[in-house]
Every structure is written in structure tokens, then in C-alpha cells.
Amino acid sequence: MPKAAIVGSGIVGRAWAVIFARGGYQVELYDIKKEAREAAVVQVTAMVDMLSKKGLLFGQDPGKVSSLVKPADSLTAAITGAVYLQECVPEILPLKTKVFAGLDKAVTESKNKDIILGSSSSNMAISLFAKDIQARGNCIVCHPVNPPFAIPIVEMIPAVFTRPEIIQKARKIMTEIGMSPALLNKEIDGFLVNRMQYALLAEAFRLVDDGVASPEDVDTAISQGLGLRWSFMGPFQTIDLNAPGGVIDYFERYGDAISRVPVDRRGDRLEWRNERLLNLAVHKLSQGKWDSKSGAPAVASEPLKNRRQVKSDGKRKAVIVGSGIVGRCWAAIFARGGVKVDLFDISKEAMEKAIDEIAKLINTMHQSGLLFGQDPKVVAARVQCAPSLENAVKGACYLQECVPESKLLKTRVFSAVDSAVSKAGNKDIILASSASNLASSQFTSELKMKGNCLVCHPVNPPFAIPLVEVVPAPYTNPKVIQSAIALLKEMGLSPALLNKEIDGFLVNRMQYALLAEAFRLVDDGVASPEDVDVGISQGLGLRWSFMGPFQTIDLNAPGGVDDYFERYGSAISRVIKPMDNTRPWRKETVAKIHAAMRKEVPSDLLQARLKWRNERLLRLAVHKLVQKPGDMSAKPTGNYKIAWVTAPDQKTADSIASGVLGEKLVACVNMIPGVKSMYSWKGKLETSQEVLMLMKTKEDLVSKLITQVVKLHPYDCPEVITTAIEDGHKEYLSWVGESVSKVSK
């Protein structure tokens, strides 16, 4: 069994100990204080038990995993025989320098010249504190993101003197223990994650500082918008789907880069993305919201169909102008919300085709549980074609324009809408545009009904991403703004209000700020596009899928936002100064953001909020693990199955799991030890303790899987039972939790 050493017994050191033990390593934990390292071993046991309850030990016995972690009496003892060491002491340069000098001496004493010396340093390059030691060629930063047992990203930053074989060995070990390493080719201030986080944070701050949006709405733009994509796709993977020809096409429009996914597979990739987003939407809806009164990390237990009661009085009507993908999505959303929908397009053929596509979309939402118990046929029946614009707007409370992003075209459409509404005498109708970057004042300023006009911009695909940017013009009636926000919320969407028109709105300004830094990191040779994407999809994006940038930093300093900017404001300014987007952290704006966070989370509940965040991240980790396999360019084919297999002991189960995973016959294997089996043998009832294995596989791989299990299993005729699972559950339970509950019964 390989051995790892951990130096430092704080929260990060304990997390690393658990991760290595879960990965099958014997772990020796060293701290200069004997009582600290002994207490840490006890706390590790509690952490292992918690991960076991979440399904993140992958069927292993928590007692056995905990027993792999032991305190070390000395640094030399910890290093002796170890293949890897992780330093986890506080971020103080003299302290790290002293620790690495001690490590150097211990390496010499133990004669362990090939050990990897990793540091958890979050912003200090390894060359700052290891350049003068003899074993400097073995040194590398391996920086996790907190909490590392739920967020798998590890930034790997070698120094110029780090040996290439050490880099490759470290990356291999990180992958083997279930982490997602992102390699930087050179040392750079802020590394990978913080540079992109700071770039986005600087723009988020600017939006509040300039009075464009409130801190709450900036957070909503991330946690209900961009963060949902970024929880499983990085910035380059995201923009690769935002232009017909992929990344090259995107940067020909907006910049320059390299496409990694074949253009002819992008349709499949879009389908994969939308399926993941639908599953994520269901997962998020199944989670409890933060309770600002008690601080309890509540988790919803009631079925999704009971979570939102949809009432349709048959009187309210919404109009959708434009029958493309965005128009069809808006139609499905309003129909789901119990509102009658009149769809209008100048092409009757396009309109009629759209009705069929809307019915398919509604059925897809139903299969994922996002109709909340409604009959899809009843919902689809709420959508009909309108014979004319004039007919459509009669009696309507809301109109959503969904034509292509052309100022000339939108001007013509809104002129026709203005005329139709005026004739109908419908003075209270909300006239919204789906414009993604054109302010409504650019095409509605000459209208009679201009006071009713505003932008309500969704993020694609809107049936899975609830964010809507609400951007009024200077002349938009305040009552119209509030009515639009109220209606969008009623439809299950998450509106984020901009107080003024600004180029790029909220989402694109923050997305572009992060994308610009991501591009710079690749352009400067700091990291590959793949590793930049990993930095988001396996790191920051996991937090941002349910917390915005201000909510995130509010938990990154003991005293909240005020404390965060006091501690890190100057460092952030230093990192982002070369990005040409710096501005001072004005105290008035810091106070405004801090006050918004304290309104949501009183100071005395910050620790409870941290527990809530970690709970959500753990559940998100489980959710991501049970999603379909990671060939993001390939179209998912066939239905998915769970294969049930029993093994006589854990060693056999591990062998079978390794074999079927190695042959790529299953997406994942969960193991439940200690399952009692009863069977009849020669007229007698026999009992045995076995390991139950649950394997997620594709229907077209079942026969190959059975063949492989028979080959690896010690029994002559092992039984493999397969059952179907739905791609999306009406009420969210990961298939792991669902299967365990069935076994328990």
C-alpha cells in the first residue's frame, strides 16, 4: 500500500489526509504539536463518517478508511517510505521556508530522494520558499480549493527547477485519488483559479460601484445563470457552443482561439449540455434553501411535483413573437406556469413546426420532473398559433419578442407591436425583448408604448437556467418593471434587475471579464485550454452553481465581506493590475455589499452558512458523479441501467470494479458492504455477508458487462441483475441514494 505524509493538522491538512486515505493510501500526519496531530486523527474519523453518509467513500468501510490515518512522531518518520508529502501550514512565507528546510533535512535522513514535496500554498509560488533546499527539484505547489473533499480541483504549479518526472508523477497521483489536477506551465501571481475569480469579482464590484445592479442581483446572475453551466463546463467549453462553428467562429466574431470539438459533433454536444443542465436544475430544486432565521442547512424532502403548485385560471395570456429556439423555450415556460400562450411568427409554416417542437420540449421537461407533476399534454395544449399580431395581443398581459439580434429587425418588430397594442387598447401589457446585448432604448424610443418596454434576457437554454436579466430603459414605467419581475418569478424564473442600461448587461460583462483572463492564461503559455476549463468546471463553478461571487467571498474571511477586502483587497488589486481593469475598492461599495450579505446571513450565522455551503457542495459532488459519462462530444445513446452484483468480500468487489471501469463498461460503481444474503442450498437456508455492487451502465453494454463480471467473479455462475433507471427523476434522488434505500428496506 502506498504511503502519503501530511504536514500540518488544520482543516486543509485533515481534508488531504481523508482524500489520500479514501484513495487507498496509508497516511501519516505530522504536526509540531503532539496534541494537535492526535486531535486531528479523531477529527479525520468524523470527516470520513460524514463522507460515507454522502456516498463519497464509494462503498468503502469508513472504519477501514479512518484506520489508514495515523499520527507521525517526527517529520523523518512521516517521510520514510512515503511517495508523496503535502505541506498544509499557514500562508506565511517565513513559516513555509522553515518547514521546507526541515523537510529537506528529513528527506536526506530518510534517504527518500524520489518523494514528491507538495505544498497547499494558495498564492505563494514554491520558488519563494524552496529554492535553496537540496530537494528543490521534488517541490511543486498542489493547491486545493476549499473544501477539497467536495471540490476536486487541484492547481499544480511547478517551479522552474521542478523535475519533469515529479510533475507527471504528482499529476498521476492526484488523478488516482479522485482529484482533478490543472497544470500551470509557469509560476504566476494568483495561479489559475484566483486570477479568474478576481477578474470576475472586479467586474462584479464595478457593477455595484457604478449603481448598475444590487449585490443580490449580481449574485443571482451567477448562481442562477453562468454558474449552472460552469459547474460542469469551463469557459472555453461554454463559448464553444455559443457560435455555430465553435471556438474559432466565436473568436472570429469576438476574438481568436482554437476549437477542440469537431464541428460536426456540436449538435450532440448541445444535447449533452442541455441534458446535464436539466438534471442540475432538478438537483438544485431538490435542495433546501438557506434559512436566514435559523441557519439550518435544510434539504427538501418533498417530491418536486409538490414543490410548486401551478394554478391556471385560463384567463391570463402571454404572446411570443418569433418561433425560433428562444421563442419556443419562452412558450414552454409560460405554458408550464399556467398561462395561455399565443405564438406569432410571420411564417405560418415556421409557427406550425414550432408547436410540435414546443410539445417535444414540454415532454423533455416532464421527463426531468420540471413540469412539477402536470400532464405534458395539458401544458402543451395551452400553446396555440395566433393568426395575426393584432389578434395575439388582445387581452394579453405580457409579450416576449424573440427575433434575431438585429437592431433594424427589432425596430420593425416593435413598431408593429406598438401599432397592434395601440389598436387593441391594451395599455397595461408588458413589452419585453429577449435581446442579449441591444438595450431596448435602441429600438423602442420612438414608440407610443415605450413606457411598457424593457429587456428580459434569458440565458440559453432558459428551460434549465432560470436567470433572466431585466434591463429597463430610462423611460420604462416603474410599475411595468415590478409587474414583469413578479410575473417572471411566478413562472419559476430568477430575475436580476439592472438599474440602468449598460453594454453587455450583467451576465456577459462578468463572463467576458473571466473569459479575457482565461484567454490571457492560454495566450501567455501559463496553462492549456483544457486545464483552464478544469479550473472552472471542477473548481469555482461548483460554488457558483448555487452562490454568487459576493456570497462566495463572504465566507472566505471570518468577518464577511468587510473583512475579506481588508485582508485580500490589496492582493487582488496586485493580481488584476496587469488586466487593465482595476479600480480602488471604495469603502462605500464594500459596505454596501457587506450590508447585503448581512441581510441574508447575520454575522452570528456565518458558521452555519459555511456548514450549509459544504452540505450543498457535497450533494453537488454526488450529483455530478452519477451523471452520464464524460465524453462531452459524443451523443448519449441507449437507455441507462443499474446492474446489481454481489461479491463475497471487499477485495473481490474492488477487483471486479477495477476491471469493469478499466474496460469503460460502466460510468461508476458504488459498493455497499455488509449486505446480508439468504438463500436455499440443498434444502437448507444459508446466510452470508456480501458486498453489493451497483453499476451504472448503458443498455447496449449490458451483455459485455455480464461477460466481464463472469470472467472476474470467483463464483461459477454469478448473478447479474439489471434494472432500468430514468434519465431524469420527477423527484430528485441520486440513483445511489435511491438504490441504498431499496436495499435497506
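Rules of the game
Every chain is numbered independently, its residues counted from 1 as its sequence is written. Local features are withheld for residues below a pLDDT of 70 in this predicted model, meaning they are given only at 70 or higher, and side-chain atom pairs are given and counted only at 80 or more; totals for whole chains, interfaces and linings count all residues. Water and hydrogen atoms play no part in the side-chain values, which are based on all heavy atoms of the structure. Note on pairing: two strands pair once DSSP finds at least 2 bridges between them. Numbering of helices and strands runs from the N terminus, with a helix taken as a DSSP run of H or I at least four residues long and a strand as a DSSP run of E at least two residues long. Whenever a helix is involved, its axis is fitted only over the stretch in contact; in every case the axis is a line through C-alpha atoms, and angles between N-to-C directions fall within 0 to 180 degrees. Here, residues are in contact when the closest pair of their heavy atoms is within 4.5 Å. One fewer than the residue count of a helix, multiplied by 1.5 Å, yields its expected span. When a residue's accessible area, from a 1.4 Å probe over protein chains only, is under 20% of the maximum for its type it is buried; when over 50% it is exposed; and in between it is partly exposed. Roughly parallel refers to an angle under 35 degrees, roughly antiparallel to one over 145, roughly perpendicular to one between 65 and 115, and oblique to any angle outside these ranges. Charged residues are taken to be Asp, Glu, Lys and Arg, nonpolar residues to be Ala, Val, Leu, Ile, Met, Phe, Trp, Tyr, Cys and Pro, and polar residues to be all remaining types, Gly included. Ring pairs shown here join Phe, Tyr and Trp side chains whose ring centres sit within 6.5 Å, with only the six-membered ring taken for Trp; geometry is labelled stacked below 30 degrees between planes, edge-to-face above 60, and tilted in between. Look at NZ for Lys and CZ for Arg. If either is within 6 Å of the ring centre and within 35 degrees of the ring normal, a charge sits over the ring. Nonpolar cores are built from buried Ala, Val, Leu, Ile, Met, Phe, Trp, Tyr and Cys residues. Side-chain atoms within 4.5 Å join them into one set. Every crossover in which the path from the first strand over the helix to the second runs clockwise, viewed with the strands pointing away from the viewer, is termed right-handed. Confidence of the prediction at every residue is given by pLDDT, a number between 0 and 100.

1. Here's the deal with the sheet that holds strand S7 (residues 153-158)
Pairing is mixed in the open sheet, where 8 strands are placed in the order S3-S2-S1-S4-S5-S6-S7-S8. The outermost strands of the open sheet, each flanked by one partner alone, are strand S3 (69-71) and strand S8 (180-183). Strand-to-strand twist across the sheet, computed as the mean angle between neighbouring axes with direction ignored, equals 25 degrees. When strand S6 (residues 139-144) meets S7, the two strands line up antiparallel, connected through 5 bridges. Counterpart to His-143 in the pairing with S7 is Glu-155. Across the sheet, helix H2 (residues 34-53) touches strand S2 (26-30) and S3, and the angle it forms with S3 is around 165 degrees.

2. A look at helix H14 (residues 325-336)
Since the α-helix packs 3.6 residues into each turn, any two residues three or four apart lie on the same face. An ideal rise of 1.5 Å per residue puts 16 Å on 12 residues; H14 measures up with 17 Å between its terminal C-alpha atoms. Of all the 12 residues making up H14, 9 are buried; the element is thus mostly covered by neighbouring parts of the structure. Looking at H14, one finds that the buried residues are Gly-327, Cys-329, Trp-330, Ala-331, Ala-332, Ile-333, Phe-334, Ala-335 and Arg-336. Remark: Gly-338 follows H14 within two positions and exhibits a positive phi of approximately 85 degrees.

3. Quick notes on the packing of helix H8 (residues 193-209) against helix H24 (residues 561-576)
Running from amino to carboxyl end, H8 crosses H24 at an angle of 105 degrees, the nearest separation of the two axes being 10 Å. Comparing the axis directions of H8 and H24 gives the class roughly perpendicular. Across the interface between the two elements, Arg-195, Tyr-198, Ala-199, Leu-201, Ala-202 and Phe-205 from H8 touch Tyr-564, Phe-565, Ile-572, Val-575 and Ile-576 from H24. Taken together, the residues of the contact of H8 with H24 break down into 10 nonpolar, no polar and 1 charged.

4. So, the packing of aromatic side chains
The geometry of two aromatic rings is summed up by the distance between their centres and the angle between their planes. Tallied over the full model, the rule gives 11 aromatic pairs. Here Phe-20 and Tyr-84 contribute two aromatic rings whose centre-to-centre distance is 5.2 Å and whose plane-to-plane angle is 35 degrees, an arrangement assigned as tilted. Placement of the pair is Phe-20 in helix H1 (residues 11-22) and Tyr-84 in strand S4 (residues 84-87), with a sequence separation of 64 residues. Side by side, Phe-20 and Tyr-84 carry an identical accessibility label, which is buried. On the numbers, 5.3 Å between centres and 45 degrees between planes, the contact of Phe-414 with Phe-443 is tilted. On the criterion of sequence distance, the pair formed by Phe-414 in helix H18 (residues 407-424) and Phe-443 in helix H19 (residues 441-444) is long-range, its members being 29 residues apart. Accessibility classification places Phe-414 together with Phe-443 in one group, the buried group. Among the aromatic side chains, those forming a connected cluster through ring pairs are Trp-16, Phe-20, Tyr-25 and Tyr-84. Sitting above the plane of the Phe-129 ring, Lys-96 keeps its charged end 5.9 Å from the centroid.

5. Description of the nonpolar core
In this structure, Phe-100, Val-218 and Leu-431 are the most contacted members of the largest nonpolar core, which totals 114 residues. The element best represented in this core is H8, accounting for 11 residues. Discounting residues that sit within four places of it in the chain, Val-218 has contacts with Ala-204, Leu-207, Val-208, Ala-213, Leu-506, Met-510, Pro-549 and Phe-550. Among the nonpolar cores identified, the runner-up in size contains 42 residues, and Leu-343, Val-468, Leu-487 and Met-491 belong to it.

6. A few points about the pairing of strand S10 (residues 340-344)
The buried count for S10 comes to 4 of 5 residues, which makes it a mostly enclosed element. Note that strand S9 (residues 317-321) and S10 share 5 bridges and pair parallel. Note that in S10 the partner of Ile-320 across the bridge is Leu-343. Running through H14, the crossover from S9 to the neighbouring parallel element S10 is right-handed. Taken together, the 3 bridges between S10 and strand S11 (residues 383-385) define a ladder with parallel strand orientation. Within the sheet, the bridge partner assigned to Leu-343 lies in S11 and is Cys-385.

7. Focus: the confidence of the model for the protein
Within the protein, residue pLDDT values average 84, and 82% of them lie at 70 or more. Within the model, pLDDT remains below 50 along residues 629-638, and this stretch shows 20 contacts once partners closer than five positions in the same chain are excluded. Scored below 50 in pLDDT, residues 726-745 shows 44 contacts in the model against residues more than four places distant or in partner chains.

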